[in-house]
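# A structural walkthrough
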Amino acid sequence: MTVVALAMLQQEGSWLLQLRDDISGIVAPGCWGLFGGHLEPGESPEQGLRRELIEEIGWCPLTLNPWFQHQTPQRLLHAFHGDLDVPLSELTLLEGQDLTLAQPEEIHQGAIWSPRLRECRPLAPSLQLISLRLKELSGE
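In this report, the structure presented in the accompanying data block is examined. (Residues numbered from 1 in each chain as written. Predicted model: local features only at pLDDT ≥ 70, side-chain atom pairs only at ≥ 80, totals over all residues. Heavy atoms only, no water.)

## Here we look at the overall build of the chain
Broken down by element type, the chain carries three helices and nine strands. Ordered by position from the N terminus, the helices and strands of the chain form the series β-β-β-β-α-β-β-β-α-β-β-α. Taken over the C-alpha trace, the chain has a radius of gyration of 14 Å; the compact-globule value for 140 residues is 14 Å, and the two agree within 12%. Dimensions of the chain along its principal axes, counting C-alpha atoms only, are 40 × 35 × 35 Å. For the chain, contacts bridging at least 24 residues in sequence account for 61% of all contacts bridging at least 6. Split by element, the accessible area of the chain, about 7,300 Å² in all, is 51% carbon and sulfur. Charge centroids of the chain, computed over 9 positive and 19 negative side chains, lie 5 Å from each other. (Helix = DSSP H or I, 4+ residues; strand = E, 2+ residues; numbered from the N terminus. Rg over C-alpha atoms; globule rule 2.2 N^0.38 Å. Contact = heavy atoms within 4.5 Å. Areas by Shrake-Rupley, 256 points an atom, 1.4 Å probe, with all protein chains shown as cover. Lys, Arg positive; Asp, Glu negative; His and termini not counted. Charge placed at Lys NZ, Arg CZ, Asp CG, Glu CD.)

Next comes the structure, spelled out in structure tokens:
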């Protein structure tokens, strides 16, 4: 079973999203998702997520709070939340095609505009799942 950890990082009500690369063979190519990824052997979910954030954006928040877990026969997802307390301009995109801050209403629509590619792209299945969880918590 694959184990992954993803970070829902918020800044002033918006979420930090990653536009995944258009590479066949990766999970959700060309879709918007959250930063994070697969755990290495022996890593806790938080350790793996911290490593992934440094590898992907060159930054990690001081505090990452466990939010929920979701398991399928193929994958165990650990979702965390935290604050993005630096400007977007201070992040270095090291993996993926684009990054953006998106309002929950934009995410719930199922596609997000990429400033870099100048087109809308769909949400990765993991981000769709997290969007549904957020709707449940807000009572929508």
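## Focus on the pairing of strand β5 (residues 65-71)
Pairing of β5 with strand β6 (residues 75-83) involves six bridges; the strand directions are antiparallel. Of the residues in β6, the one forming a bridge with asparagine 65 is histidine 81. Linking β5 back to β6 in an antiparallel pair, the connection comprises three residues. (Pairing = 2+ DSSP bridges.)

## Here's the deal with the environment of glycine 48
Counting through the fold element by element, glycine 48 comes out in helix α1 (residues 45-57). Among the residues examined, glycine 48 registers a relative accessible area of 0% and is labelled buried. Linking glycine 48 and alanine 5, residues 43 residues apart in sequence, is a C-alpha distance of 7.0 Å. For glycine 48, the residues in contact, after removing those within four places along its chain, are Leu39 and Glu43. (Buried < 20%, exposed > 50% of the residue type's maximum accessible area, 1.4 Å probe, protein only.)

## A look at the environment of threonine 63
Looking at the secondary structure, you find threonine 63 in the loop between α1 and β5. For threonine 63, a relative accessible area of 45% translates into the label partly exposed. A sequence separation of 13 residues divides threonine 63 from arginine 50, and the C-alpha atoms of the two residues are 10.0 Å apart. Dropping the residues within four chain positions of it, threonine 63 is found in contact with Arg50, His81 and Gly82.

## As for the pairing of β6
Residues in a regular strand point their side chains to alternate faces of the sheet. Examined bridge by bridge, strand β1 (residues 2-11) and β6 share nine bridges and lie parallel to one another. For threonine 2, the partnering residue across the bridge sits in β6 and is arginine 75.

## A few points about the packing of aromatic side chains
Across all of its chains, the model carries one aromatic pair by this definition. A centroid spacing of 4.9 Å and a plane angle of 75° characterise the contact between tryptophan 67 and phenylalanine 68, whose relative ring orientation is edge-to-face. Its relative accessible area of 7% is what places phenylalanine 68 among the buried residues. The lysine or arginine in question, arginine 133, covers the ring of phenylalanine 68, its NZ or CZ lying 4.1 Å from the ring centre. (Phe/Tyr/Trp six-rings, centres within 6.5 Å; stacked < 30°, edge-to-face > 60°. Lys NZ or Arg CZ within 6 Å of the ring centre and 35° of its normal.)

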